[in-house]
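This is what each chain is made of:
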Amino acid sequence: MIGETILKQLGGNKFLITTGVNNLKQYKNSLLMTLPKNKSKANKLQIILINYNLYTLKFFKETKTGIKEVNTFSGVYGNQLTELFTQITGLYTTL
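Note that the structure is a prediction, hence the values are computed from the model and not measured.

The rules behind each value
Residues numbered from 1 in each chain as written. Predicted model: local features only at pLDDT ≥ 70, side-chain atom pairs only at ≥ 80, totals over all residues. Heavy atoms only, no water. Pairing = 2+ DSSP bridges. Helix = DSSP H or I, 4+ residues; strand = E, 2+ residues; numbered from the N terminus. Axes fitted to C-alpha atoms, helices over the stretch in contact; angles between N-to-C directions. Contact = heavy atoms within 4.5 Å. pLDDT = per-residue confidence, 0-100. Salt bridge = Lys/Arg side-chain N within 4 Å of Asp/Glu carboxyl O.

## A word on the sheet that holds strand β3 (residues 44–51)
Sheet strands pair by backbone hydrogen bonding; their relative direction is either parallel or antiparallel.
Link 1 in the chain: The five strands lie next to each other as β1-β2-β3-β4-β5, forming an open sheet whose pairing is antiparallel. In this open sheet, the two edge strands, each paired with only one partner strand, are β1 (22–26) and β5 (66–77). Across the sheet, the axes of successive neighbouring strands diverge by a mean angle of 15°, strand direction being ignored.
Link 2 in the chain: Pairing between β1 and strand β2 (residues 30–34): three bridges, direction antiparallel. In the strand pairing of β2, Asn 22 is matched with Thr 34.
Link 3 in the chain: Across the face of the sheet, helix α1 (residues 2–10) comes into contact with β1, β2, β3 and β4 (54–63) while running at roughly 60° to β2.

As structure tokens, this is what we get:
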């Protein structure tokens, strides 16, 4: 349920189509996704619900040898998700 809400705030299917994000996995309070090549060099993003409409975004790079955190942003409101996503990845969330 929370993962669906996060995806909806990002733009739903339009977000998936325009960004190339895939392999979405929902967890109790978060949504994990695989990112295509982007300027941040991160290949995974986890968006975690902290409390009502307040999120933490964790960008990281997963390789065969381990996981390296690229960037973390805390205290992000739902209406700031797409702007921050574009700013960090360089991937536009709408056409």
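Here the narrative resumes, following the displayed structure.
## Some points on the confidence of the model for the protein
Link 1 in the chain: Summarising the model, the protein shows a mean pLDDT of 96, and 100% of its residues fall at 70 or more.
Link 2 in the chain: Across the protein, β2 holds the top mean pLDDT of 98, while α1 sits lowest at 94.

## Quick notes on the pattern of salt bridges
Link 1 in the chain: Per the counting criterion, the structure on display carries one salt bridge.
Link 2 in the chain: One salt bridge in this structure joins Lys 44 and Glu 62, with 3.6 Å as the shortest N-O distance. A residue pair is termed long-range when its members are at least 10 positions apart, and Lys 44 in strand β3 and Glu 62 in strand β4 qualify at 18 residues.

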